[in-house]
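# Structure assessment
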Amino acid sequence: MFKIFFLLSVLSIVSSTFAETHVYRWTTGWGTANVDGLGERPVITCNGQFPWPDIRVNKNDRLEIYLTNGFNDTTTMTTLHFHGIFQKDSNQMDGPPMVSTCPLSPGDTMLYNFTVDSNVGSYWYHSHTLGQYQDGFRAMFIINDGEDNKDFPQEYDEEVIVSLADWYGETVDKLAPKFLNVNNPTG
């Protein structure tokens, strides 16, 4: 029994030695972009840039994301959700407002801090507040297994990440009242 415990301890130390910590400092805000080629419209930016950056990590890596609510009004809250990620021992990092996380008021910063230890594959992150992901607050979250692509022995020239989503010509604050009203019972 002692040998098994010792071996597991050594393996844990070795795997954590190769894990990296990825630190991001992001501030939300508004900008404009011509996403679909049909005209500019307001979009939610990350540090003044659009689109939001993709995240690529290896299994067992740690994420530290400092998210600051940079919206310049007094009422727009925000949160961050890592879609499909199992938050073992870090449920408070999951992002649904008033469920596992308090939303950030303008000017507030929250540290999303967790280790990616149970997931491998393609995921996405997004705001989990007020439909903000529909206004651009979203990007890919790729988790590699960290074992030199042993699951992909095929050769290829390049890897291309494709993120598909609906895109509307108006922002959510204008679309939602049209959709969610008594004249639209299926809304």
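See the structure shown above.
Residues numbered from 1 in each chain as written. Predicted model: local features only at pLDDT ≥ 70, side-chain atom pairs only at ≥ 80, totals over all residues. Heavy atoms only, no water.

## What about the nonpolar core?
Inclusion rule: We call a set of buried residues a nonpolar core when its members are Ala, Val, Leu, Ile, Met, Phe, Trp, Tyr or Cys and they connect through side-chain atoms within 4.5 Å of each other. When accessible area is computed with a 1.4 Å probe and restricted to protein chains, residues below 20% of their type maximum are described as buried, those above 50% as exposed, and intermediate ones as partly exposed. In this description, contact between two residues means that some pair of their heavy atoms is separated by no more than 4.5 Å.
With 25 residues, the main nonpolar core has Trp 26, Ile 55, Phe 82 and Phe 141 as its most contacted residues. Here Trp 26 is in contact with Cys 46, Asn 47, Trp 52, Pro 53, Ile 55, Ile 65, Tyr 66, Leu 67, Thr 68, Leu 80 and Tyr 125, once residues within four sequence places are set aside.

## Observations concerning the pairing of strand S7 (residues 121-126)
For clarity, the threshold we go by: For two strands to be treated as a pair, DSSP must find at least two bridges joining them. Numbered from the N terminus, helices here are DSSP runs of H or I no shorter than four residues, and strands are runs of E no shorter than two.
Of the strand pairs in this sheet, strand S5 (residues 81-83) and S7 are connected by three bridges, and their pairing is antiparallel. From the neighbouring strand, Phe 82 faces S7, where its bridge partner is Tyr 125.

## What to know about a nonpolar patch on the surface
Just so we agree on the cut-off: Patch members must show over 30% relative accessible area and no salt bridge, and they are joined within 9 Å when carrying like charges or within 5 Å when they are nonpolar side chains of Val, Leu, Ile, Met, Phe, Trp or Tyr. For the accessible areas, the method is Shrake-Rupley and the probe is 1.4 Å, while residue cover comes only from the protein chains on display. Salt bridges are identified by distance alone: a Lys or Arg side-chain nitrogen within 4 Å of an Asp or Glu carboxyl oxygen.
There is a patch of nonpolar side chains on the surface, built from Val 160, Val 162 and Leu 164 and spanning about 360 Å² of accessible area. Position of Val 162 among the secondary structure elements: in the loop between strand S8 (138-144) and helix H2 (172-179).

## Looking at the environment of Ser 118
Following the sequence through the fold, Ser 118 ends up in the loop between strand S6 (109-115) and S7. A relative accessible area of 41% means that Ser 118 is categorised as partly exposed. In this structure, the C-alpha to C-alpha distance between Ser 118 and Phe 86, residues 32 residues apart in sequence, is 6.6 Å.

## What about the packing of aromatic side chains?
Rules: Put simply, two rings from Phe, Tyr or Trp (the six-membered ring, in Trp's case) pair if the centres are within 6.5 Å, and we call them stacked under 30 degrees between planes, edge-to-face over 60, tilted for the rest. Two limits define a charge over a ring: the Lys NZ or Arg CZ must be within 6 Å of the ring centre, and within 35 degrees of the ring normal.
All chains considered together, the criterion is met by 12 aromatic pairs. Plain terms: the ring middles of Phe 50 and Trp 167 are 6.4 Å apart, the flat faces sit at 45° to each other, and that makes the pair tilted. With Phe 50 in the loop between strand S2 (41-46) and strand S3 (55-58) and Trp 167 in the loop between S8 and H2, the pair connects residues that are 117 residues apart, well separated along the chain. Relative to Tyr 112, the ring of Phe 82 lies with its centre 6.2 Å away and its plane at 70°, an arrangement referred to as edge-to-face. Here the residue Phe 82 occupies a position in strand S5, and Tyr 112 occupies one in strand S6, the gap between them amounting to 30 residues. In this structure, Phe 82 and Tyr 112 share a single accessibility class: buried. Chaining the aromatic ring pairs together yields one cluster made of Tyr 24, Trp 26, Trp 52, Phe 82, Tyr 112, Phe 114, Tyr 125, Phe 137 and Phe 141. In this structure, Arg 25 is placed above the aromatic ring of Tyr 66, and the distance from its NZ or CZ to the ring centre is 4.5 Å. Just above the ring of Trp 167 sits the side chain of Arg 41; from NZ or CZ to the centre is 4.2 Å.

## Regarding the sheet that holds S5
Note on sheets: strands pair through backbone hydrogen bonds, and any given pair is parallel or antiparallel. The cut-off we apply is this: Note on geometry: axes are C-alpha line fits, over the in-contact stretch for helices, and angles between N-to-C directions span 0 to 180 degrees.
The four strands lie next to each other as S3-S8-S7-S5, forming an open sheet whose pairing is mixed. Across the chains shown, the open sheet's two edge strands, defined by having one partner strand only, are S3 and S5. If you compare each strand with its neighbour and ignore which way they point, the axes differ by 25° on average.

## Considerations on unusual backbone geometry
Geometrically, the link from Phe 50 to Pro 51 is a cis peptide bond, its omega value of 5° lying close to zero. Relative to the assigned elements, Pro 51 resides in the loop between S2 and S3. Phi angles above zero are rare outside glycine, and Asn 60 is one such case at about 80°. If you trace the backbone, Asn 60 turns up in the loop between S3 and strand S4 (62-68). The class of Asn 60 is partly exposed, set by a relative accessible area of 33%. The phi dihedral of Leu 130 is positive, around 55°, even though this residue is not glycine. By the secondary structure assignment, Leu 130 is in the loop between S7 and S8.

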